[in-house]
Every structure is written in C-alpha cells, then in structure tokens.
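# Understanding the architecture of this molecule
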Amino acid sequence: MKMFSVSTIIRENIKHLRPYSSARDEFSGRAAVFLDANENSLGNALDNEYNRYPDPHQQLLKKAISRQKNIPAENIFLGNGSDECIDLLYRCFCNPGIDNVVICPPTYGMYEVSADINDVQLRKALLLENFQLDIKAINGLIDDKTKMIWICSPNNPTGNCINVNDIKLLLCNFNGLVVIDEAYIDFAKQASLVNDLDIYPNLIILQTFSKAWGLAALRLGMAFASAEIITVLNKVKPPYNISGTTQKLALEAIGKTDRLKQSMNELAGLRTILQHSLIDTGVVERLYPSDANFLLVKVKDAVKLYDYLLAKGIVVRNRANIILCTECLRITVGTKYENELLIAELINYSKQFL
Ligand SMILES: *Cc1c(COP(=O)(O)O)cnc(C)c1O
C-alpha cells in the first residue's frame, strides 16, 4: 500500500515560498476608508463599482459553490479558467527538467502544452480501442519522478466517460496526484468524483464554468481537492486571479440552477436528434457515443469535409491528425437552427461527393 503525502511531492521552492500578501489580506475587519491599495479613489468612467480590487479569496463565490456541490469551501480553488488550474498544478508539484507526468491520448491538449511550458517530461499511455484507460501501460510508465496522472472524463475529444473502477485503481495505487478533468461532467450520466475527496488524498478534480454553465467568457475554473492541496495552489496563484466581474456574475448564475438543469435537458435532446440526423446523411462512417455536448464522428475524408464545411461558414473541430482519431471530426451540439444548417450542408456534401 502506498504512502501518499502532499509534503513529499510538493516542490521544495514552493514548500518554502512566502506568498505575496495583498493589502486586503492584511486587514479583515470593517472599514469605511480604504487608502491601502493605491486604487483610484475617484472611481472611473464607468459605474463606480469597478475601482476596488476584488476579494482575492473569492469567499462569497466559494460559499455558493460549496453549497451547490456540497463540499467545504476549504476544498475549493478557483482559477482563471481550468487552464490556470492546470498550469498551477505543474508549477506547484513538478520540478522542471526532473519530474514527469502521464497523460492518456487522445485527450485535451492543454495537459501537454502546460507540461512543455513548465519543462516537465510527458509520458503517454494511449487509450485502448474503446477509449478506456490502459492501466498496464500507465503503470509501466510510472517511476519515482512521476508526479501526476491526467485523466479527462468525459474525455475530450472522444466524448466517453472513463470507467470509475479504473480511476479508483490508480487513486489507490499511485503515489502521486491523479487529476480528473470533469469539464463535461454535467452532461454525463456518470456521477462526479467530488464526493470521494475524503477517501483519496491524492485526488484533484477540475471543473469549469465554460461548458455546461455557458460562461466561457468569464474564465472561471474550479479545482476540488484536499485542504492541504488547495492551500498550496492558493499560495502560488496571482493574488487577484478572478476578476470582480467574474465573481459577481458567477454568483448570480449559481443562483439560477434551474436554468442549468433546463439547458442540460435541452442539449441532451438536441444531441439525440443530431446523432440520428448525422447517421441519416450517410456522411458518417462511425458515430461514437457521447457523454458530453459534442460528438466525435468518423467520415471518409475528414479534411475534405472539414474544408467543405468551412467554405459554407460552419466551423467544426478537425481531429483527423490526432492519434486514434484518424478521419474524425468533433462537432459541438449547437442550437436547433445551427444543427439543421450543419445537417443541410452535410446532405449537400453527400449528394455532391458520395
Ligand atoms: C473546455 C475544456 C476545459 C475548460 O477550460 P477553461 O479554461 O475552464 O475554459 C477544460 N478541460 C477540458 C477537457 C475542456 O474540454
């Protein structure tokens, strides 16, 4: 049985880091006069609410998320998009030029880009034919310099959930961090792992406001983990990484959870219709099942179809050059109108070329 402890995997410089203390950190009482942060006391050309620095700890927002997800606020970290969380995890736990991480392609591109930026060696254990984890391959890549295993579930671009038992096997046996990126979990039938944080001290879950919540422009990502891990992330993050506007609007959106549920139901319906109509066009050679708001489809000549759609003003994601996704396109479920436009063009394409 492994012995996991955060203090043994954290980078030495981060362990001893004395974090920046912002003006608002050093004062927690009530005051009427704020002359501590060099803001413009006269305000600005807009409404006067933007001249003060936002809460560096996002306490109101975290409280609301805590209530919504039923996890303590001390287990929540907020980032400027999940992409900031991903980068911070590398910077906190991986020594550049020394440590390595394992990813399972085909998967989200930022795990690799962030590893490259941070000069962290990347080891790849390809998914199996059924897009599930190759546990043997993963275990074969792990050594004492392996700090993290990245798993995306539902996986982008394949759209499927990863078997929970496989994930739990890794959590039990791996002596580093297992990061589960649940960017699409609200679309899935499978439950989130957030309720297992107490069981696994090495579990980190990423979620985002960019997909199901429909707030990609706000740039708000969440990491859920042990209080000890969250403390490390908080030490390293830029003091005011979540803007005041983002905090305010996200708080407002969380108050309207009904809208989220309604939107998930509607998208599930649109996804089913899109799946059927895609098959009916005859363009699709293989349609992969989806637990997300996108579909991975295999076609005869992906690049040709991609270019054709582009010329018609329809942008899909070309995944033809991605390992295990040859001749594949990834298509986001759009509005009813958008999906119908897509299908109409696919029918035209099939008449012309098939
Ligand atoms: C879209 C997406 C994200 C979201 O990133 P943000 O920076 O929060 O917008 C994260 N992970 C995966 C797998 C995604 O597809």
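Conventions adopted
Residues numbered from 1 in each chain as written. Predicted model: local features only at pLDDT ≥ 70, side-chain atom pairs only at ≥ 80, totals over all residues. Heavy atoms only, no water. Helix = DSSP H or I, 4+ residues; strand = E, 2+ residues; numbered from the N terminus. Contact = heavy atoms within 4.5 Å. Phe/Tyr/Trp six-rings, centres within 6.5 Å; stacked < 30°, edge-to-face > 60°. Buried < 20%, exposed > 50% of the residue type's maximum accessible area, 1.4 Å probe, protein only. Core = buried A, V, L, I, M, F, W, Y, C linked by side-chain atoms within 4.5 Å. Pairing = 2+ DSSP bridges. Polar contact = N/O pair within 3.5 Å; in protein donor to acceptor, adjacent residues only side chain to side chain. Salt bridge = Lys/Arg side-chain N within 4 Å of Asp/Glu carboxyl O.

## Focus: the environment of L203
Here L203 is to be found in strand β6 (residues 203-208). A sequence separation of 12 residues divides L203 from L215, and the C-alpha atoms of the two residues are 26 Å apart. Excluding anything up to four places from it in sequence, L203 contacts L171, V178, I180, L193, D196, L197, F224 and A225.

## Examining the packing of aromatic side chains
Applying the stated criterion to the full structure yields 11 aromatic pairs. Ring centres of Y108 and Y111 lie 5.5 Å apart, and the angle between their planes is 75°; on these two criteria the pair is classed as edge-to-face. When its relative accessible area of 25% is taken as the criterion, Y108 is described as partly exposed. Residue classification places Y111 among the buried residues on the basis of a relative accessible area of 0%.

## Remarks on the nonpolar core
Formed by 76 residues in total, the largest nonpolar core has its most connected members in I65, L133, I151, F209, F224 and L278. The greatest single-element share of this core, amounting to 6 residues, is contributed by helix α10 (residues 257-281). Apart from residues lying up to four places away in sequence, F209 is in contact with I65, G214, L215, A216, L220, M222, A250 and I254. Listed in part, the 33 residues of the second largest apolar core include V120, L177, I204 and V232.

## Remarks on the pairing of strand β7 (residues 221-224)
The alternating pattern of β7 places G221 and A223 on one face and M222 and F224 on the opposite face, and all of these are buried. Two strands pair when backbone bridges link them, and strand β1 (residues 76-79) and β7 are joined in this way by 4 bridges, in the antiparallel orientation. Residue pairing across strands places L78 opposite M222, the latter belonging to β7. The pairing of β6 with β7 spans 4 bridges and is antiparallel. Bridge pairing links L206 to A223 in β7.

## Notes on the side chain of S153
Relative to the assigned elements, S153 resides in the loop between β4 (146-152) and α7 (164-173). Engagement of the side chain of S153 in a polar contact is seen with the backbone nitrogen of I162, the distance being 2.9 Å. In this structure, S153 is in contact with C161, I162, I180, D181, E182, I185 and Q190, ignoring residues within four places of it in sequence.

## What to know about the pattern of salt bridges
Here the idea is simple: oppositely charged side chains can pair when their charged atoms come close. Considering all chains together, one arrives at 11 salt bridges under this definition. One salt bridge in this structure joins R52 and E39, with 2.6 Å as the shortest N-O distance. With R52 in the loop between α2 (12-15) and α3 (59-69) and E39 in the loop between α2 and α3, this residue pair connects regions lying 13 residues apart in the sequence. Note that R91 is salt-bridged to D87, the shortest N-O span being 2.9 Å. In this pair, R91 and D87 are both assigned in helix α4 (residues 82-93), 4 residues apart and thus about one turn of the helix distant.

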